[in-house]
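Okay, here's what each chain looks like letter by letter:
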Amino acid sequence: MSESKGRRPVLQHPLAEPQPPQIADALEEAIALHQRGQLAQAEPLYRAILGRMPDHFTALHMLGVIEAQRRNFAPAVQLIGRALQLNPDSAPAHANLGIALRRLKRHEEAIASFERALAIKPDYAEAFHNRGNALLELGRYEDAVASYDRALAVKPHYPEALNNRGIAQDQLKRREEAAAGIADTAAALNDRGIALCRQRRPAEALVSFDQALAIKSDYADALNNRGNALIDLKRYQDAVDSYDRAVAIKPDLAGALNNRGVALRQLHRHREAIASYDRALAIKPDHTDALNNRATALSDLNRPEEAAEAFARLLSLAPGFDYASGNLLHSKQHCCDWENYDQDVERVASAVAAGKRAVLPFGFLSMSGLPEAQLQCARTFGNDKYSASQEPIWRGERYRHDQVRVAYLSADFRGHAVAYLMAGVLEAHDRSRFDITAISFTRAEQDEMRARLKNSVDRFVDVEGKSDRDVALLLKELEIDIAVDLMGYTKGNRLGIFALRPAPIQVNYLGYPGTTGADYIDYILADRFVIREDAHSFYSEKVVSLPETFQPRDARQRIGERTPTRAAAGLPESGFVFCSIHNNYKIAPHIFDVWMRLLRQVDGSVLWLLGDNAVAVRHLQQHAERRSVAPDRLVFAPRIALEDHLARQRLADLFLDTLPYNAGTTASDALWVGLPVLTCAGSSFAGRMAGSLLNAVGLPELITDNLADYEALALALARDGNRLAAIRAKLARHRDTFPLFDTDRFRRHLESAYETMWQRYQRGEPPASFAVAPDPTPLRR
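All of these numbers come straight from a predicted model, not from anything done at the bench.

## Quick notes on the overall build of the protein
Scanning the protein from terminus to terminus reveals 33 helices and 14 strands. For the protein, the C-alpha atoms occupy an extent of roughly 100 × 65 × 45 Å along the three principal directions. Out of the 781 residues belonging to the protein, those deemed buried represent 57%. The contacts in the protein between residues at least 6 apart in sequence include a share of 66% that link residues at least 24 apart. In the form shown here, the protein has an accessible surface area of approximately 31900 Å², with 48% of it arising from carbon and sulfur atoms.

Have a look at this one:
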């Protein structure tokens, strides 16, 4: 017999009663804890109230409910009975007494209690259902059916009542009606699970789907939906298993095959995911979700040309499909396919301005340099995918700790750019003032960087496979004061954790050079250059301006011991080497035009680029040829280990930055090895990163603010060896004497920012923008 309602007593705030304010406050806290299932915390509060007011109806009733929930039914009957002597007009109390009496096999008394509840509240569906359960156990099947019918008249989609009605009918030999009722129950439980998933309650949804499957084990749709709940719970392998069961029962269930691909992609089994999408498309060629997901998996495999073709096919079937136009353009950017580039960018930007779901925020950084447009894009996407929870985990408590508790959250605690930048800061944090936790979203291979990071923090927690809610509850349990998201809208992010508001202070930092557009992120860490004061309104977060640069740098970063020869790197033995070794999607036609004019004007020069996909290499060579530059003057560098990459960059003469999306880590890498960086500063955070780094290393003369000046300065430096040599010498001197590479100085500034945030919170003040004062310790000069 299904009794998900009968098993658990009704938890309902009864009628208000006169009480002193301190008692009212204690009761409110106890009920809040009780509703969250924290029985051990709620019980002493109820008992304390009864110590002050022994005849407090609500405390007696709720304490009785706790006893019933713990299956201590005899004391539950005693406590709820005492409460009813004080207030005999409480329908929930009579219903709860009936539940406890029934579990003690005192069925007639239980029925009488349910009937008293119904006399007070005639539309009490749960009381009708539980009355039916007691009648069923007494063998009074006709009466039980009648009671379940009354419950269903009030609440037509009541799965437990439908199921138990079917059991009673089966006992009456009404097999056909019983089977129909049980089938209806399975369908109702499946529908309820779908509704719970939509409400972002996947754990409860999973229970509902499992109940449906307990009734109808071959229910393929419920197995498919069960897999969806498991994906929401980050239990990806279990989801795959559920989809496999669904497809085994119903081989043409294209939706399950598509969803199976989604789970496989989360397990980084991209080729298997594509095969699953292909099976779905073989059944249903116009399955737009499968087309979209297949294209995304191709992007993950660095097959951007095929991804672009798949997005184009999707748009031919569904022109307005969410984010498809932006994904198509970003795939083409990865290919350096610039056909109709300006029109495509304008089309996407116009859609963003109209509030349409046109492009992912990360992809948009390389399409538009306008911070106001980036804010609109982030808000649209964030509201769609990561909207704020209506039930925040942190509810205003004021933590009092000897140390400020800071948690950094990321999927990139491994050999990744963010980790390379942050490692030294994590090691240097002042443990007398700060307690540091790292929350890792992935159980990455145990590379050298991951091992180093684990030794750099007070606790390192792997949360792969845990739901967003579980991770949020962990942060609450740890009483984290400041939760720092190191990802923003980059791949593998878990902004859903922050949407649940697990910490009093939540910060956007480093991994994503832009705004999240989310009201639940309180601050963004920047500096006065990357976010000018007149641009603060284009960031949903309050802006914290660090005094010298936003970017940390690990002063222990090793450079390969051996610098290769030019020949070994594929470079000519002589001639000027312009360098721009970073992701190809950042190269836009207008910046490439400048580069090609430089090559035409500087005899024997070459442009050294990243060559990590053959399609981009082919297109860039074609673009060069169309601009009257021989394709062999573009030299393509393969991806290699970071230390070796740093060493080979010493062979270049000048690093040329991109716009609207600047170099970030790659710019500081170049400066670290002594390679000057020339930038053109834009308007957004992403377009001003390199300028921040150049200011912090004392080379503001390499910052331009328009492409004409950028081109002129690049040409002048390429033609004037002495001038360039002087800049290189200056960079060499400044490397160890200016702020950019002073890890500990940066750490002090970062900690000052955290302390100011924390002090405002301790005073009960809302977040506000502020600037951190420079550390008074003199710079080494």
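## Some remarks on the packing of helix H11 (residues 202–215) against helix H12 (residues 220–232)
Here H11 crosses H12 at 160°, and the two axes come no closer than 9 Å. With respect to each other, H11 and H12 are oriented roughly antiparallel. Crossing handedness for the pair H11 and H12: left-handed. Contacts from Pro202, Ala205, Leu206, Phe209, Asp210, Ala212 and Leu213 of H11 reach H12 at Ala222, Leu223, Asn225, Arg226, Ala229, Leu230 and Asp232.

## Some words on the pattern of salt bridges
Under the counting rule described, the total for this entry stands at 58 salt bridges. Here Glu108 and Arg140 are joined by a salt bridge, their closest N and O atoms 3.9 Å apart. In this pair, Glu108 is assigned in helix H6 (residues 107–120) and Arg140 in the loop between helix H7 (125–137) and helix H8 (141–154), connecting sequence segments 32 residues apart. Between Arg260 and Asp244 there is a salt bridge whose closest N-O contact spans 2.7 Å. Here the residue Arg260 occupies a position in helix H14 (residues 254–266), and Asp244 occupies one in helix H13 (residues 236–249), the gap between them amounting to 16 residues. Overlapping salt bridges, with partners in common, bring together Asp430, Arg433, Asp744, Arg747, Arg748, Glu751, Glu755 and Asp775 in one network.

## Section: the sheet that holds strand E11 (residues 654–656)
Strand pairing in a sheet relies on backbone hydrogen bonds, with the paired strands running either antiparallel or parallel. Across the sheet, 6 strands lie side by side as E10-E9-E8-E11-E12-E13; this open sheet has parallel pairing. In this open sheet, the two strands that pair with only one neighbour each are strand E10 (634–637) and strand E13 (703–704). Here strand E8 (residues 577–580) runs beside E11; their pairing, made up of 2 bridges, is parallel. Paired with Cys579 across the strands is Phe655, a residue of E11.

## Remarks on the nonpolar core
With 83 residues, the main nonpolar core has Tyr408, Leu525, Tyr754 and Met757 as its most contacted residues. Listed in part, the 81 residues of the second largest apolar core include Ala373, Phe592, Leu675 and Leu693.

## A short note on the packing of aromatic side chains
Tallying each qualifying case throughout the model produces 18 aromatic pairs. With 5.1 Å between their ring centres and 80° between their planes, Phe550 and Phe685 make a pair best called edge-to-face. One end of the pair, Phe550, is in the loop between strand E7 (542–546) and E8; the other, Phe685, is in the loop between strand E12 (677–680) and helix H30 (689–696), and 135 residues separate them in sequence. Classification of Phe550 as buried rests on a relative accessible area of 2%. Lying over the aromatic face of Tyr219, Lys216 brings its terminal NZ or CZ to 5.0 Å of the ring centre. One Lys or Arg, Arg735, reaches over the ring of Trp672 and ends 3.7 Å from the middle of that ring.

## Quick word on the side chain of Ser410
Here Ser410 is to be found in strand E1 (residues 404–410). Accessibility expressed as a relative area gives 1% for Ser410, which makes it buried. Within the structure, the side chain of Ser410 is placed 2.8 Å from the backbone nitrogen of Asp412, a separation counted as a polar contact.

## Regarding the confidence of the model for the protein
Summary statistics for the protein give a mean pLDDT of 93 and a share of 96% for residues scoring 70 or more. Long-range and interchain partners of residues 1–7, a stretch whose pLDDT sits below 50, account for 29 contacts in this model, where long-range means more than four residues apart.

## Description of unusual backbone geometry
What is expected of a backbone is that most residues other than glycine have negative phi and most peptide bonds are trans. In this chain, Leu659 is followed by Pro660 through a cis amide linkage whose omega measures 15°. The phi angle at Lys234 is positive, at roughly 65°, despite the residue not being glycine. Residue placement: Lys234 occurs in the loop between H12 and H13. Given a relative accessible area of 17%, Lys234 falls into the buried group. Unusually for a residue other than glycine, Leu510 sits at a positive phi of about 75°. By secondary structure assignment, the location of Leu510 is in the loop between strand E5 (505–508) and strand E6 (523–527).

Calculation notes
Residues numbered from 1 in each chain as written. Predicted model: local features only at pLDDT ≥ 70, side-chain atom pairs only at ≥ 80, totals over all residues. Heavy atoms only, no water. Helix = DSSP H or I, 4+ residues; strand = E, 2+ residues; numbered from the N terminus. Buried < 20%, exposed > 50% of the residue type's maximum accessible area, 1.4 Å probe, protein only. Contact = heavy atoms within 4.5 Å. Areas by Shrake-Rupley, 256 points an atom, 1.4 Å probe, with all protein chains shown as cover. Axes fitted to C-alpha atoms, helices over the stretch in contact; angles between N-to-C directions. Parallel < 35°, antiparallel > 145°, perpendicular 65-115°, else oblique. Left-handed = near helix turned anticlockwise from the far one by under 90°. Salt bridge = Lys/Arg side-chain N within 4 Å of Asp/Glu carboxyl O. Pairing = 2+ DSSP bridges. Core = buried A, V, L, I, M, F, W, Y, C linked by side-chain atoms within 4.5 Å. Phe/Tyr/Trp six-rings, centres within 6.5 Å; stacked < 30°, edge-to-face > 60°. Lys NZ or Arg CZ within 6 Å of the ring centre and 35° of its normal. Polar contact = N/O pair within 3.5 Å; in protein donor to acceptor, adjacent residues only side chain to side chain. pLDDT = per-residue confidence, 0-100.

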